[in-house]
Amino acid sequence: MKKILAGLTIAGILAFTFPQQLKSANLTSVADTLTTSRLSYYNKLAVLHATGVTSIQVATSGMPSKSTANLFTGDTVMIGIGTSATSYTVDDIIDTDEFTITSGLEANDAAADDLVIATRSAKHTVTFTPATKINGGGFRILIPSGANGVNDGIPNHDGFDFNAIGAAQLTAPTGGGVDSWTAATATASGGTGCAAGYHCFETQYKGVNSNSGTFTFVIGNAGANDLINPAKANATEGLSDGYTVIVEHLDSPANLFRVVDSTNIKIAVVESVRVTATVEPTITFTISSVGVGTTACGLPADVASTATTVPFGTMALNIFKNLAQKLTLSTNAAGGGVVTATENDHLGKDGATAPLIPDATGDTPFTMTASVTDRRR
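Residues numbered from 1 in each chain as written. Predicted model: local features only at pLDDT ≥ 70, side-chain atom pairs only at ≥ 80, totals over all residues. Heavy atoms only, no water.

**Quick notes on the sheet that holds strand β2 (residues 41–44)**
Backbone hydrogen bonds hold the strands of a sheet together, and the pairing may be parallel or antiparallel. What counts is decided by this rule: Between any two strands, at least two bridges found by DSSP are needed for them to pair. Think of it this way: any DSSP run of H or I at least four residues long counts as a helix, any run of E at least two long counts as a strand, and we number them from the N terminus. Note on geometry: axes are lines fitted to C-alpha atoms, helical ones only across the stretch in contact, with angles between N-to-C directions running from 0 to 180 degrees.
The strand order across the open sheet formed by six strands is β2-β7-β4-β5-β6-β3, and the pairing between neighbours is antiparallel. Only two strands of the sheet have a single neighbouring strand rather than two, namely β2 and β3 (55–57). The sheet shows a mean angle of 40 degrees between the axes of neighbouring strands, taken without regard to direction. Bridge count between strand β4 (residues 76–80) and strand β5 (residues 86–95): four bridges; the pairing is antiparallel. Within β5, the residue paired with Val77 across the bridge is Tyr88.

Here it is, written out as structure tokens:
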């Protein structure tokens, strides 16, 4: 031990005794805003289904998604396994374990345990303010990938699927006082220079950056190749799943891109809320009076009616009288309603069954109706 100490200089001993302070800091105002925080859906068929059925029953245990929660009318779902899976459109949600599709289930997609998947992708807008000025540095965004398939286009249980996102879907920061920026790059978890567990999104710049103001790094373009949101990890529906995103400020290539500043932030993904309401059908039908002179069926009324009577009064020979009642129908039915008028007898003297006044039919070739009048001999 004495020989080892003898070989060390006083400065060396002090370096071990008093380590040098690291010049690192946290970035500030760091945030990752997703265009949608909605979880992806990952379940399976609960039982064998008949070919052609439109009613789909899903599992309530043993899968990331355990009910129809987070499924909505109009969603696109893939049902089946691998390349034989087929895309279907959700027609309606029946209850917690059953929904319907707009077209019949195909034979290759009907087996028990066939997967039922609906992917939800999001654009990530990452904003931050650097704490340190660096000459020729860069920024790297690390988004958790999980371990259950990191780039297969299927929602992961514990992270975001890479989904073949590339440079075309990235928008690196601009400005910032630097001379120029390089094109942003995207590397899937475990790829070259990207450790397993996180997808890496990186850009570099020339010159010295500003350490004030907000930088924005956009990952995705709200398109088909955006990162796929995870499926449900938390067993409790309505309780969000949290994921850690890391934003790093990197040193220059001469310093091996060492991390100078780094900040961890949390983002949360959760089921969307399905809002439902039942509208009871309503109908209101009213019979009301029509006063003297009021036009009905193209003719003015000669005598006022009431809601319950049509009092023709004393009739004179060869003299017509026009009376009417107003019928009002109100309903919230999409197709409206229909009013049907019937009579239970002909007009009779003092309500008697005889003698009777027969219904008018009009002169040939005319036909008298509720809306067409004609003279009767």
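**Describing the pattern of salt bridges**
Worth spelling out the cut-off: Salt bridges are counted wherever a side-chain nitrogen of Lys or Arg sits within 4 Å of a carboxyl oxygen of Asp or Glu. Using a 1.4 Å probe on the protein chains alone, a residue whose accessible area is under 20% of its type maximum counts as buried, one over 50% counts as exposed, and one in between counts as partly exposed.
Enumeration over the complete set of coordinates arrives at seven salt bridges. With its nearest N and O atoms 3.9 Å apart, the salt bridge here joins Arg140 to Glu202. Here Glu202 lies in strand β13 (residues 198–206) and Arg140 lies in strand β9 (residues 138–144), a separation of 62 residues in the sequence. The buried category is assigned to Arg140, whose relative accessible area is 15%. In this structure, the salt-bridge partner of Asp251 is Arg258, at a minimum N-O distance of 3.0 Å.

**A few points about the environment of Thr127**
Relative to the assigned elements, Thr127 resides in strand β8 (residues 124–129). Each C-alpha atom of the pair Thr127 and Val30 lies 5.4 Å from the other, and the pair is 97 residues apart in sequence.

**With respect to the packing of aromatic side chains**
The cut-off we apply is this: Side-chain rings of Phe, Tyr and Trp, where Trp is taken by its six-membered ring, are said to pair if the distance between their centres is within 6.5 Å; with planes under 30 degrees apart they count as stacked, over 60 as edge-to-face, and otherwise as tilted. As a reminder, the over-ring test applies to NZ of lysine and CZ of arginine, requiring each to be within 6 Å of the ring centre and within 35 degrees of the ring normal.
Using the criterion set out here, one finds nine aromatic pairs in the structure. A ring pair is formed by Phe128 and Phe139, whose centres lie 4.8 Å apart and whose planes are at 55 degrees; its orientation type is tilted. A residue pair is termed long-range when its members are at least 10 positions apart, and Phe128 in strand β8 and Phe139 in strand β9 qualify at eleven residues. Both rings, one in Phe160 and one in Tyr243, keep their centres 5.7 Å apart while their planes meet at 70 degrees; by these two values the pair is edge-to-face. Taken as a pair, Phe160 in the loop between β9 and β10 (170–171) and Tyr243 in strand β15 (residues 241–250) lie far apart in primary sequence, 83 residues in all. The exposure class of Phe160 is buried, given its relative accessible area of 0%. Classification of Tyr243 by relative accessible area gives buried; the value is 8%. Through a chain of ring-to-ring contacts, the aromatic side chains of Phe128, Phe139, Trp181, Tyr205 and Phe215 assemble into a single cluster. Over the ring of Phe72 we find Arg274, and its NZ or CZ is 5.5 Å from the ring centre.

**Observations regarding the pairing of β8**
Counting buried positions along β8 yields five of six residues, so the element is predominantly enclosed. In terms of strand pairing, β8 meets strand β14 (residues 215–219) through five bridges, oriented antiparallel. When the sheet's bridge partners are listed, Thr127 is paired in β14 with Thr216.

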